[in-house]
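Structural overview for review
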Amino acid sequence: MRFFSNLRQRWHRFLHDDELKQKIYSIVFESDTPKGKMFDIVLIASILLSVLLVILESMHIFPHSAYLVLRVLEYLLTLFFTVEYLARIYCLKQPRKYIFSFFGIVDLLATLPVYLSFFLHGSHYMLVIRAFRLIRIFRIFKLFTFINEGNLLLRSLWISAPKILIFFFFVLILVISMGTVMYMIEGSQEGSSFNNIPNSIYWAIVTMTTVGYGDITPVTPVGRLFSAIIMLIGYTIIAVPTGIVSATMVSEHKKQEKRKCPRCNRDGHDFEAVYCKYCGAKLKKEKTDEPANERFNDERF
């Protein structure tokens, strides 16, 4: 009984050891310290090695003994990633924010496949999702200064979403109509691949997007002429979403340029900015009917 009592006390002290949590936090989350930079480098190297192991294992060109070595290395890397994930949760005052953040979800999904492989065959190939964790390399090279441009792009996509959605439904109706017409043209031909409307719609999508697999092709002169028309329409349609987003980005950028500080009269402030980045004065709230995007955050909570 005394053993379990001592064990429980040690566990309680471990869970509430603020000094240890601060040390782990400075290593795991901070990239300004030498230990933090070293940890990030080791983590990224481990991620690259893990993704490489999965790729090599999928090639089936090595002897059986080599695959055993690859599998052991993968288990060791998974153990490292598991400890790292738990350490991040342990040292945070509000671990729930990290668990449900982008990096937290990616870290969890990158760790689970090996454990799932004991129950589901082939699930360990999902380990390539660890490549998403390479985004942490931006912390090392301090490239988060470009996050404002990322916010501008996300906001432009968010504002353009209704227009793009309407355009998508238009294209969907268009390919259904063209696929049906092609079925009427080619469906009566002997041995034709346009033997039903779904196949014809699939062909219309492949043709309009200029992918052109070539698995279904028309044989009649009318069908080929109709195909040429769809190809030309496809080239014009592809540029529409890009134009919508580009126009929105230009508009949002102009809004940022026009937003001036009432004290120093300098412009170029971000849309979500509350205070002037030059003098610190409070900015006037920008009027808009569109909801503002949430800013990108790293996992420092």
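Since we're looking at a predicted model, the values are computed, not measured.

**Digging into the pattern of salt bridges**
Pairs can form between side chains of opposite charge whenever their charged atoms are close. What the rule picks out here adds up to 2 salt bridges. Residue Lys 23 pairs with Glu 19 through a salt bridge whose shortest N-O separation is 3.8 Å. Residue Lys 23 and its partner Glu 19 are located together in helix H2 (residues 18-28), separated by 4 residues, close to a single helical turn. With a closest N to O distance of 2.5 Å, Glu 84 and Arg 88 form a salt bridge. With a gap of 4 residues between them, Glu 84 and Arg 88 both fall in helix H4 (residues 64-90), about one helical turn apart. What makes Arg 88 buried here is its relative accessible area of 0%.

**Some remarks on the packing of H4 against helix H6 (residues 102-116)**
Look at H4 against H6: their axes get within 10 Å of each other, and the N-to-C directions meet at 145°. The crossing of H4 and H6 is left-handed. Contacts between H4 and H6 involve Glu 74, Tyr 75, Thr 78, Phe 81, Thr 82, Glu 84, Tyr 85 and Arg 88 on the former and, on the latter, Gly 104, Asp 107, Leu 108, Thr 111, Val 114 and Tyr 115. Looking at the contact of H4 with H6, its residues break down into 6 nonpolar, 4 polar and 4 charged.

**Points about the packing of aromatic side chains**
Counted under the stated rule, the structure contains 10 aromatic pairs. An angle of 10° between the planes, with centres 4.6 Å apart, marks the rings of Phe 14 and Tyr 90 as stacked. With a gap of 76 residues between them, Phe 14 in helix H1 (residues 2-15) and Tyr 90 in helix H4 connect regions that are remote in the sequence. Under the relative-accessibility criterion, Phe 14 is labelled partly exposed at 35%. Judged by relative accessible area, which is 13%, Tyr 90 ranks as buried. Sitting over the ring of Tyr 90, Lys 21 keeps its end group 5.4 Å from the ring centre. Over the ring of Phe 29 we find Arg 88, and its NZ or CZ is 5.2 Å from the ring centre.

**Looking at the environment of Arg 263**
Tracing the chain through its elements places Arg 263 in the segment after helix H10 (221-258). When its relative accessible area of 61% is taken as the criterion, Arg 263 is described as exposed. A C-alpha to C-alpha distance of 9.0 Å links Arg 263 and Leu 283, two positions 20 residues apart in sequence.

**What to know about the packing of helix H3 (residues 34-59) against H4**
Orientation of H3 relative to H4, taken along the N-to-C sense of each, is 145°, at an axis distance of 10 Å. Crossing angle aside, the handedness with which H3 passes H4 is left-handed. Of H4, the residues touching H3 (which contributes Phe 39, Val 42, Leu 43, Ser 46, Ile 47, Leu 49, Ser 50, Leu 53, Val 54, Leu 56, Glu 57 and Met 59) are Tyr 67, Leu 70, Arg 71, Leu 73, Glu 74, Leu 77, Phe 80, Phe 81, Glu 84 and Arg 88. For the contact of H3 with H4, the class distribution of residues is 15 nonpolar, 2 polar and 5 charged.

**Description of unusual backbone geometry**
For Thr 210, which is not glycine, the phi torsion reads 60° and is therefore positive. Here Thr 210 lies in the loop between helix H9 (197-208) and H10. Among the residues examined, Thr 210 registers a relative accessible area of 36% and is labelled partly exposed.

**Description of the confidence of the model for the protein chain**
In the predicted model, the protein chain carries a mean pLDDT of 78, and the fraction of residues at 70 or more is 76%. Per-element confidence in the protein chain is highest for H9, whose mean pLDDT is 92, and lowest for helix H7 (residues 137-140), whose mean pLDDT is 51. Segment residues 288-301 is flagged for pLDDT under 50; beyond a separation of four residues in sequence, or across chains, it makes 38 contacts in the model.

**With respect to a nonpolar patch on the surface**
Taken together, the side chains of Tyr 75, Ile 105, Leu 108, Leu 109, Leu 112, Tyr 115, Leu 116, Phe 118 and Phe 119 present a nonpolar region at the surface, about 840 Å² in accessible area. When residues in the nonpolar patch are grouped by element, the largest group, 6 residues, is from H6. Position of Tyr 75 relative to the elements: it lies in helix H4. The class for Tyr 75 is partly exposed, based on a relative accessible area of 33%.

Rules and cut-offs
- Note that residues are indexed from 1 along each chain, following the sequence as it is written.
- The model is predicted, so local features are restricted to residues of pLDDT at least 70 and side-chain atom pairs to those at 80 or more, both for listing and for counting; the totals for chains, interfaces and linings are taken over all residues.
- Neither water nor hydrogens contribute to the side-chain values; these are computed over all heavy atoms in the structure.
- Any carboxyl oxygen of Asp or Glu within 4 Å of a side-chain nitrogen of Lys or Arg constitutes a salt bridge here.
- Under the DSSP-based scheme used, a helix requires at least four consecutive residues in state H or I and a strand at least two consecutive residues in state E, with every element numbered from the N terminus.
- Buried means the residue's accessible area, taken with a 1.4 Å probe over protein chains only, is under 20% of the maximum for its type, while exposed means over 50%, and partly exposed covers the values in between.
- Axis definition: a line fitted to C-alpha atoms, limited for helices to the stretch in contact. Angles are taken between N-to-C directions and run from 0 to 180 degrees.
- By definition, any crossing whose near helix is turned counterclockwise from its far helix by less than a right angle is left-handed, and any crossing with a clockwise turn is right-handed.
- The contact criterion used is simple: two residues touch if any of their non-hydrogen atoms lie within 4.5 Å.
- Think of it as three bins: nonpolar holds Ala, Val, Leu, Ile, Met, Phe, Trp, Tyr, Cys and Pro, charged holds Asp, Glu, Lys and Arg, and polar takes everything else, Gly as well.
- Classification of ring pairs uses Phe, Tyr and Trp, with its six-membered ring standing for Trp, and accepts pairs whose centres are within 6.5 Å; under 30 degrees between planes counts as stacked, over 60 as edge-to-face, and the remaining range as tilted.
- For a Lys NZ or an Arg CZ to count as sitting over a ring, it must be within 6 Å of the ring centre and within 35 degrees of the ring normal.
- Each residue carries a pLDDT score, the predictor's confidence in it, ranging from 0 to 100.
- Patch criteria: residues need more than 30% relative accessible area and no salt bridge. Like-charged residues are merged within 9 Å; nonpolar side chains of Val, Leu, Ile, Met, Phe, Trp and Tyr are merged within 5 Å.
- To be clear on the numbers: accessible area is Shrake-Rupley with a 1.4 Å probe, and residue cover counts the displayed protein chains and nothing else.

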